[in-house]
Amino acid sequence: MAQDTVVTRRQFFKGGLALTAGLLLGLPKLCAADGGMPRSPEEAKGETAMHYLFDRTPIEPVQVFDNLFYIGSISVAQFVVRTSEGLIMIDSGWDEKDADYAAESMKKLGLNPADTRYILITHGHSDHYGGAQFFKEKHAPAARIGMNIVDSNWCSVIPPEGAFSGVRPEIDLELNDRQTVTLGDTGIFLVLTPGHTPGCLSMIVPVTDHGQKHSAAIWGGTGTPANLEMNYLYLSAVDYFARYTAQYKVDVEMSAHGWVDGTFARLEELKHRRQGEAHPFVIGEEKYRQYEDVFRGMAKEAIDKYKKR
Ligand SMILES: [Zn+2]
(Lines give C-alpha, C1' and ligand atoms only; values in the text may rest on other atoms or scores of the structure.)
Protein backbone atom coordinates (compact mmCIF):
# COMPACT_ATOMS: atom_id res chain seq x y z
CA MET A 1 0.00 0.00 0.00
CA ALA A 2 2.76 2.42 0.99
CA GLN A 3 4.65 1.37 -2.12
CA ASP A 4 1.63 2.11 -4.28
CA THR A 5 1.31 5.52 -2.77
CA VAL A 6 4.91 6.35 -3.57
CA VAL A 7 4.53 5.25 -7.17
CA THR A 8 1.34 7.16 -7.52
CA ARG A 9 2.93 10.33 -6.26
CA ARG A 10 5.83 9.94 -8.65
CA GLN A 11 3.46 9.51 -11.56
CA PHE A 12 1.67 12.57 -10.38
CA PHE A 13 4.86 14.61 -10.41
CA LYS A 14 5.73 13.25 -13.82
CA GLY A 15 2.43 14.59 -15.02
CA GLY A 16 3.67 17.96 -13.91
CA LEU A 17 0.47 18.79 -12.15
CA ALA A 18 1.89 19.59 -8.77
CA LEU A 19 -0.45 22.00 -7.18
CA THR A 20 0.89 25.40 -6.41
CA ALA A 21 -1.93 25.82 -4.03
CA GLY A 22 -2.22 27.61 -0.75
CA LEU A 23 -4.11 30.79 -0.88
CA LEU A 24 -3.66 33.41 1.74
CA LEU A 25 -6.81 35.31 2.37
CA GLY A 26 -6.16 37.01 5.62
CA LEU A 27 -8.68 34.58 6.97
CA PRO A 28 -9.43 33.82 10.58
CA LYS A 29 -6.35 32.93 12.53
CA LEU A 30 -5.12 29.39 12.62
CA CYS A 31 -6.60 27.00 15.06
CA ALA A 32 -5.85 23.40 15.96
CA ALA A 33 -7.91 22.05 13.07
CA ASP A 34 -5.40 23.38 10.58
CA GLY A 35 -2.31 21.86 12.18
CA GLY A 36 0.61 22.83 9.99
CA MET A 37 -1.40 23.41 6.85
CA PRO A 38 -0.22 25.81 4.18
CA ARG A 39 -1.36 29.38 4.56
CA SER A 40 0.26 30.87 1.48
CA PRO A 41 1.20 29.85 -2.05
CA GLU A 42 4.86 29.73 -1.04
CA GLU A 43 4.08 27.15 1.60
CA ALA A 44 1.86 24.87 -0.43
CA LYS A 45 3.92 23.54 -3.27
CA GLY A 46 5.47 20.22 -4.18
CA GLU A 47 5.62 17.68 -1.39
CA THR A 48 3.48 19.75 0.96
CA ALA A 49 0.68 19.91 -1.58
CA MET A 50 1.07 16.20 -2.30
CA HIS A 51 0.88 15.39 1.37
CA TYR A 52 -2.52 17.00 1.77
CA LEU A 53 -3.86 16.03 -1.64
CA PHE A 54 -3.40 12.38 -0.75
CA ASP A 55 -4.62 12.70 2.83
CA ARG A 56 -7.87 10.79 2.66
CA THR A 57 -8.81 11.37 6.31
CA PRO A 58 -12.58 11.92 6.34
CA ILE A 59 -13.88 15.17 7.79
CA GLU A 60 -16.99 15.77 9.84
CA PRO A 61 -19.67 16.91 7.41
CA VAL A 62 -20.69 20.51 8.01
CA GLN A 63 -23.65 22.67 7.08
CA VAL A 64 -21.92 25.87 5.99
CA PHE A 65 -24.93 27.83 4.77
CA ASP A 66 -28.68 27.31 4.99
CA ASN A 67 -28.50 25.55 1.63
CA LEU A 68 -24.85 24.45 1.27
CA PHE A 69 -23.04 21.55 2.92
CA TYR A 70 -19.33 20.66 2.90
CA ILE A 71 -18.47 16.97 3.05
CA GLY A 72 -15.52 14.77 2.12
CA SER A 73 -11.95 14.40 3.30
CA ILE A 74 -8.87 16.51 3.92
CA SER A 75 -7.89 15.73 0.33
CA VAL A 76 -11.00 16.87 -1.48
CA ALA A 77 -14.56 17.89 -0.74
CA GLN A 78 -17.98 17.53 -2.24
CA PHE A 79 -20.41 20.39 -1.95
CA VAL A 80 -24.09 19.64 -1.59
CA VAL A 81 -26.59 22.35 -2.48
CA ARG A 82 -30.12 21.96 -1.19
CA THR A 83 -32.88 23.32 -3.41
CA SER A 84 -36.68 23.28 -3.26
CA GLU A 85 -36.69 20.27 -5.59
CA GLY A 86 -33.79 18.15 -4.47
CA LEU A 87 -30.04 18.22 -4.08
CA ILE A 88 -27.16 19.15 -6.33
CA MET A 89 -23.74 17.65 -5.63
CA ILE A 90 -20.67 19.45 -6.88
CA ASP A 91 -17.69 17.11 -7.38
CA SER A 92 -17.67 13.53 -6.18
CA GLY A 93 -14.40 12.61 -4.49
CA TRP A 94 -11.84 10.05 -5.64
CA ASP A 95 -13.67 6.74 -5.66
CA GLU A 96 -16.30 4.39 -4.25
CA LYS A 97 -15.08 4.94 -0.71
CA ASP A 98 -15.62 8.69 -1.05
CA ALA A 99 -19.02 8.11 -2.66
CA ASP A 100 -20.14 5.94 0.26
CA TYR A 101 -18.80 8.42 2.78
CA ALA A 102 -20.63 11.23 0.99
CA ALA A 103 -23.91 9.32 1.29
CA GLU A 104 -23.25 8.60 4.96
CA SER A 105 -22.36 12.26 5.58
CA MET A 106 -25.49 13.48 3.85
CA LYS A 107 -27.65 11.25 6.04
CA LYS A 108 -25.87 12.62 9.11
CA LEU A 109 -26.80 16.11 7.96
CA GLY A 110 -30.43 15.10 7.51
CA LEU A 111 -30.20 14.94 3.71
CA ASN A 112 -31.38 12.01 1.64
CA PRO A 113 -28.72 11.05 -0.95
CA ALA A 114 -31.49 9.68 -3.20
CA ASP A 115 -32.81 13.24 -3.54
CA THR A 116 -29.70 14.17 -5.55
CA ARG A 117 -30.74 15.26 -9.03
CA TYR A 118 -27.41 16.50 -10.40
CA ILE A 119 -23.78 15.64 -9.86
CA LEU A 120 -21.82 18.50 -11.43
CA ILE A 121 -18.14 17.84 -11.97
CA THR A 122 -15.68 20.71 -12.13
CA HIS A 123 -13.01 18.92 -14.15
CA GLY A 124 -11.50 15.69 -15.41
CA HIS A 125 -9.22 14.80 -12.54
CA SER A 126 -10.27 11.74 -10.60
CA ASP A 127 -10.23 13.43 -7.20
CA HIS A 128 -13.25 15.32 -8.57
CA TYR A 129 -14.99 12.78 -10.82
CA GLY A 130 -13.96 9.37 -9.41
CA GLY A 131 -16.87 8.93 -6.99
CA ALA A 132 -19.63 10.04 -9.36
CA GLN A 133 -20.61 6.75 -10.99
CA PHE A 134 -20.55 4.94 -7.64
CA PHE A 135 -22.61 7.63 -5.95
CA LYS A 136 -25.19 7.55 -8.69
CA GLU A 137 -25.46 3.76 -8.90
CA LYS A 138 -25.47 3.05 -5.18
CA HIS A 139 -27.10 6.10 -3.64
CA ALA A 140 -28.75 8.43 -6.13
CA PRO A 141 -30.16 6.65 -9.19
CA ALA A 142 -32.16 9.71 -10.24
CA ALA A 143 -29.06 11.90 -10.44
CA ARG A 144 -27.67 13.08 -13.74
CA ILE A 145 -23.92 13.48 -14.02
CA GLY A 146 -22.79 16.63 -15.77
CA MET A 147 -19.41 17.74 -17.03
CA ASN A 148 -17.97 19.94 -19.74
CA ILE A 149 -17.50 18.12 -23.03
CA VAL A 150 -13.81 19.01 -23.32
CA ASP A 151 -12.93 17.13 -20.15
CA SER A 152 -15.61 14.47 -20.52
CA ASN A 153 -14.03 13.18 -23.71
CA TRP A 154 -11.23 12.24 -21.27
CA CYS A 155 -8.46 13.31 -23.65
CA SER A 156 -7.56 16.05 -21.24
CA VAL A 157 -6.79 13.87 -18.27
CA ILE A 158 -3.10 14.36 -17.66
CA PRO A 159 -1.38 12.01 -17.10
CA PRO A 160 -3.66 9.47 -18.78
CA GLU A 161 -2.78 6.84 -16.18
CA GLY A 162 -1.66 7.19 -12.62
CA ALA A 163 -2.77 9.42 -9.81
CA PHE A 164 -5.55 11.13 -11.71
CA SER A 165 -7.25 8.14 -13.27
CA GLY A 166 -10.34 6.77 -11.62
CA VAL A 167 -13.59 5.18 -12.71
CA ARG A 168 -14.83 7.51 -15.39
CA PRO A 169 -18.52 8.21 -15.09
CA GLU A 170 -21.01 8.07 -17.91
CA ILE A 171 -21.91 11.65 -18.61
CA ASP A 172 -25.65 12.34 -18.83
CA LEU A 173 -25.46 16.05 -19.28
CA GLU A 174 -23.09 18.27 -21.18
CA LEU A 175 -22.26 21.42 -19.25
CA ASN A 176 -21.31 24.55 -21.08
CA ASP A 177 -19.86 27.98 -20.58
CA ARG A 178 -22.28 30.47 -18.99
CA GLN A 179 -24.93 27.83 -18.48
CA THR A 180 -27.20 27.99 -15.47
CA VAL A 181 -28.16 24.62 -14.02
CA THR A 182 -31.49 25.20 -12.35
CA LEU A 183 -33.23 22.94 -9.87
CA GLY A 184 -36.31 24.25 -8.12
CA ASP A 185 -35.52 27.64 -6.62
CA THR A 186 -31.76 27.50 -7.23
CA GLY A 187 -29.61 28.25 -10.25
CA ILE A 188 -25.90 27.44 -10.35
CA PHE A 189 -24.00 29.50 -12.89
CA LEU A 190 -21.17 27.73 -14.70
CA VAL A 191 -18.20 29.36 -16.35
CA LEU A 192 -15.66 27.59 -18.54
CA THR A 193 -12.26 28.35 -17.03
CA PRO A 194 -9.65 26.35 -18.92
CA GLY A 195 -6.12 26.12 -17.59
CA HIS A 196 -5.99 23.62 -14.78
CA THR A 197 -7.58 21.30 -17.35
CA PRO A 198 -8.89 22.31 -20.79
CA GLY A 199 -12.54 21.82 -19.83
CA CYS A 200 -12.43 23.06 -16.27
CA LEU A 201 -15.63 24.66 -14.97
CA SER A 202 -15.93 27.17 -12.15
CA MET A 203 -19.24 27.75 -10.45
CA ILE A 204 -21.20 30.50 -8.74
CA VAL A 205 -23.72 29.30 -6.19
CA PRO A 206 -26.36 31.44 -4.47
CA VAL A 207 -26.31 30.75 -0.73
CA THR A 208 -28.09 32.12 2.31
CA ASP A 209 -26.94 32.53 5.88
CA HIS A 210 -29.91 32.68 8.25
CA GLY A 211 -31.90 33.88 5.26
CA GLN A 212 -29.40 36.52 4.20
CA LYS A 213 -28.33 36.20 0.58
CA HIS A 214 -24.71 35.72 -0.45
CA SER A 215 -22.96 34.57 -3.58
CA ALA A 216 -20.34 31.82 -3.42
CA ALA A 217 -17.67 31.05 -6.00
CA ILE A 218 -15.95 27.72 -6.47
CA TRP A 219 -12.84 28.07 -8.65
CA GLY A 220 -12.77 24.74 -10.47
CA GLY A 221 -9.09 23.90 -10.64
CA THR A 222 -6.54 25.05 -8.13
CA GLY A 223 -3.06 24.17 -9.35
CA THR A 224 -1.41 25.87 -12.28
CA PRO A 225 -0.63 23.62 -15.26
CA ALA A 226 2.78 22.39 -16.35
CA ASN A 227 3.34 24.27 -19.57
CA LEU A 228 3.42 27.80 -20.88
CA GLU A 229 0.35 27.72 -23.12
CA MET A 230 -2.00 26.35 -20.49
CA ASN A 231 -0.79 28.93 -18.01
CA TYR A 232 -1.73 31.69 -20.45
CA LEU A 233 -5.15 30.09 -20.61
CA TYR A 234 -5.30 29.81 -16.82
CA LEU A 235 -4.49 33.50 -16.47
CA SER A 236 -7.09 34.60 -18.99
CA ALA A 237 -9.64 32.29 -17.37
CA VAL A 238 -9.12 34.05 -14.03
CA ASP A 239 -9.95 37.35 -15.74
CA TYR A 240 -12.88 35.82 -17.57
CA PHE A 241 -14.37 34.33 -14.39
CA ALA A 242 -13.78 37.65 -12.61
CA ARG A 243 -16.29 39.29 -14.96
CA TYR A 244 -18.96 37.01 -13.59
CA THR A 245 -17.87 36.99 -9.97
CA ALA A 246 -18.21 40.78 -10.15
CA GLN A 247 -21.58 40.58 -11.87
CA TYR A 248 -22.87 38.07 -9.32
CA LYS A 249 -21.31 40.05 -6.46
CA VAL A 250 -19.41 37.05 -5.13
CA ASP A 251 -18.56 37.52 -1.48
CA VAL A 252 -17.98 33.90 -0.47
CA GLU A 253 -15.01 31.76 -1.47
CA MET A 254 -15.01 27.98 -1.24
CA SER A 255 -12.51 25.41 -2.44
CA ALA A 256 -12.84 21.67 -2.91
CA HIS A 257 -9.27 21.43 -1.59
CA GLY A 258 -9.79 22.68 1.92
CA TRP A 259 -6.08 22.77 2.67
CA VAL A 260 -5.38 25.67 0.31
CA ASP A 261 -7.58 28.35 1.85
CA GLY A 262 -7.93 27.73 5.56
CA THR A 263 -11.21 25.86 5.12
CA PHE A 264 -10.73 23.57 8.10
CA ALA A 265 -9.99 26.43 10.48
CA ARG A 266 -13.07 28.18 9.16
CA LEU A 267 -15.26 25.11 9.54
CA GLU A 268 -14.05 24.86 13.11
CA GLU A 269 -14.80 28.53 13.67
CA LEU A 270 -18.25 28.05 12.21
CA LYS A 271 -18.98 25.40 14.86
CA HIS A 272 -18.35 27.91 17.63
CA ARG A 273 -19.94 30.87 15.91
CA ARG A 274 -22.29 32.79 18.13
CA GLN A 275 -25.36 34.65 16.99
CA GLY A 276 -24.49 37.93 15.33
CA GLU A 277 -20.87 36.96 14.62
CA ALA A 278 -19.51 37.20 11.10
CA HIS A 279 -19.68 34.09 8.92
CA PRO A 280 -16.11 32.83 8.37
CA PHE A 281 -16.75 32.03 4.69
CA VAL A 282 -18.29 35.41 3.87
CA ILE A 283 -15.13 37.35 3.05
CA GLY A 284 -16.76 40.20 1.11
CA GLU A 285 -16.39 41.29 -2.50
CA GLU A 286 -13.10 43.11 -1.95
CA LYS A 287 -11.39 40.11 -0.34
CA TYR A 288 -12.77 37.89 -3.05
CA ARG A 289 -11.05 40.05 -5.65
CA GLN A 290 -7.81 39.69 -3.68
CA TYR A 291 -8.32 35.94 -3.74
CA GLU A 292 -8.55 36.07 -7.54
CA ASP A 293 -5.28 38.01 -7.54
CA VAL A 294 -3.60 35.08 -5.82
CA PHE A 295 -4.52 32.89 -8.80
CA ARG A 296 -3.32 35.58 -11.20
CA GLY A 297 -0.02 35.70 -9.34
CA MET A 298 0.34 31.94 -9.47
CA ALA A 299 -0.29 31.88 -13.23
CA LYS A 300 2.13 34.76 -13.87
CA GLU A 301 4.81 33.07 -11.82
CA ALA A 302 4.30 29.86 -13.77
CA ILE A 303 4.42 31.76 -17.09
CA ASP A 304 7.76 33.32 -16.10
CA LYS A 305 9.08 29.91 -15.13
CA TYR A 306 8.09 28.23 -18.39
CA LYS A 307 9.24 31.16 -20.52
CA LYS A 308 12.76 30.75 -19.17
CA ARG A 309 12.93 27.11 -20.22
ZN1 LIG B 1 -7.44 18.95 -10.68
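Residues numbered from 1 in each chain as written. Predicted model: local features only at pLDDT ≥ 70, side-chain atom pairs only at ≥ 80, totals over all residues.

### Thoughts on the environment of Gln 63
Turning to step 1, where the next piece is worked out: You can see Gln 63 is positioned in strand β1 (residues 62–65).
Turning to step 2, where the next piece is worked out: With 16 C-beta atoms packed within 10 Å, Gln 63 lands in the partly exposed category.
Turning to step 3, where the next piece is worked out: Along the primary structure Gln 63 and Lys 271 are separated by 208 residues, whereas in three dimensions their C-alpha atoms are 9.5 Å apart.
Turning to step 4, where the next piece is worked out: Residues in contact with Gln 63, not counting those within four places in the same chain, are Phe 69 and Leu 109. (Helix = DSSP H or I, 4+ residues; strand = E, 2+ residues; numbered from the N terminus. Buried ≥ 20, exposed ≤ 12 C-beta atoms within 10 Å, placed from the backbone. Contact = placed C-beta atoms within 7 Å.)

### A look at the pairing of strand β10 (residues 201–209)
Turning to step 1, where the next piece is worked out: Counting buried residues along β10, seven of its nine residues qualify, which places the element largely inside the surrounding structure.
Turning to step 2, where the next piece is worked out: Sheet topology places strand β9 (residues 186–192) next to β10; four bridges connect them, and they run antiparallel. Residue pairing in the sheet places Leu 192 in a bridge with Leu 201 of β10.
Turning to step 3, where the next piece is worked out: One ladder, built from seven bridges, connects β10 with strand β11 (residues 212–218); its direction is antiparallel. Bridged to Val 207 within β11 is His 214.
Turning to step 4, where the next piece is worked out: The loop that links β10 with its antiparallel partner β11 comprises two residues; one of these, His 210, has a positive phi angle of about 50 degrees. (Pairing = 2+ DSSP bridges.)

### Comments concerning the packing of helix α3 (residues 96–108) against helix α5 (residues 132–139)
Turning to step 1, where the next piece is worked out: Across the interface, α3 lies against α5 with an axial gap of 8 Å and an inter-helix angle of 50 degrees. What the angle tells us is that α3 and α5 run oblique. In this structure, α3 meets α5 at a crossing whose hand is right-handed. Along the contact surface, α3 presents Glu 96, Ala 99, Ala 102 and Ala 103, while α5 presents Phe 134, Phe 135, Lys 138 and His 139. (Axes fitted to C-alpha atoms, helices over the stretch in contact; angles between N-to-C directions. Parallel < 35°, antiparallel > 145°, perpendicular 65-115°, else oblique. Left-handed = near helix turned anticlockwise from the far one by under 90°.)

### Focus on the sheet that holds β11
Turning to step 1, where the next piece is worked out: A sheet is described by the order of its strands in space; here five strands give the open sequence β8-β9-β10-β11-β12, paired in mixed fashion. Where the open sheet ends on each side, the last strands, each with one partner, are β8 (179–183) and β12 (252–254). Taking each pair of neighbouring strands and ignoring which way they run, the sheet shows an average axis angle of 30 degrees.
Turning to step 2, where the next piece is worked out: Its contacts with the sheet put helix α7 (residues 228–247) on β9, β10 and β11, and the angle it makes with β9 is roughly 155 degrees.

### Some thoughts on unusual backbone geometry
Turning to step 1, where the next piece is worked out: One non-glycine residue, His 210, lies in the positive phi region at around 50 degrees.
Turning to step 2, where the next piece is worked out: Along the chain, the position of His 210 falls in the loop between β10 and β11.
Turning to step 3, where the next piece is worked out: At Lys 249, a position not held by glycine, the phi torsion is positive, near 50 degrees.
Turning to step 4, where the next piece is worked out: Turning to its location among the elements, Lys 249 is positioned in the loop between α7 and β12.
Turning to step 5, where the next piece is worked out: On the basis of neighbour count, Lys 249 is assigned to the exposed category, with 12 C-beta atoms found within 10 Å.

### Observations regarding the sheet that holds strand β3 (residues 77–83)
Turning to step 1, where the next piece is worked out: Read across the sheet, seven strands follow the order β1-β2-β3-β4-β5-β6-β7 without closing on themselves; strand pairing throughout is mixed. Where the open sheet ends on each side, the last strands, each with one partner, are β1 and β7 (173–175). When the angles between neighbouring strand axes are averaged without regard to direction, this sheet yields 25 degrees.
Turning to step 2, where the next piece is worked out: For strand β2 (residues 68–72) and β3, the ladder comprises five bridges, and the chain directions are antiparallel. Directly across from Gly 72, in β3, lies its bridge partner Ala 77.
Turning to step 3, where the next piece is worked out: Contacts from α3 reach β2 and β3, with the element oriented near 140 degrees to β2.

### Notes on the packing of α7 against helix α9 (residues 285–307)
Packed helices, taken two at a time, are described by their axes: the angle between them and the distance between them.
Turning to step 1, where the next piece is worked out: Between α7 and α9, whose axes approach to 8 Å, the crossing angle comes to 165 degrees. For the element pair α7 / α9, the angle class is roughly antiparallel. α7 and α9 meet at a crossing whose hand is left-handed. Contacts between α7 and α9 involve Leu 228, Asn 231, Tyr 232, Tyr 234, Leu 235, Val 238, Ala 242 and Thr 245 from the former and Tyr 288, Glu 292, Phe 295, Arg 296, Ala 299, Lys 300, Ala 302, Ile 303, Tyr 306 and Lys 307 from the latter.
Turning to step 2, where the next piece is worked out: Looking at side-chain class alone, the contact of α7 with α9 contains 12 nonpolar, two polar and four charged residues. (Nonpolar A, V, L, I, M, F, W, Y, C, P; charged D, E, K, R; others polar.)

### Observations concerning the pairing of β8
Turning to step 1, where the next piece is worked out: Alignment of β8 against β9, held across five bridges, turns out to be antiparallel. Note on β9: the bridge partner recorded for Leu 183 is Thr 186.
Turning to step 2, where the next piece is worked out: Counted between consecutive antiparallel strands, the loop separating β8 from β9 contains two residues, among which Gly 184 sits at a positive phi close to 55 degrees.

### A look at the environment of Glu 174
Turning to step 1, where the next piece is worked out: By the element assignment, Glu 174 lies in strand β7.
Turning to step 2, where the next piece is worked out: For the pair Glu 174 and Gly 146, spaced 28 residues apart in the sequence, the C-alpha separation amounts to 5.7 Å.

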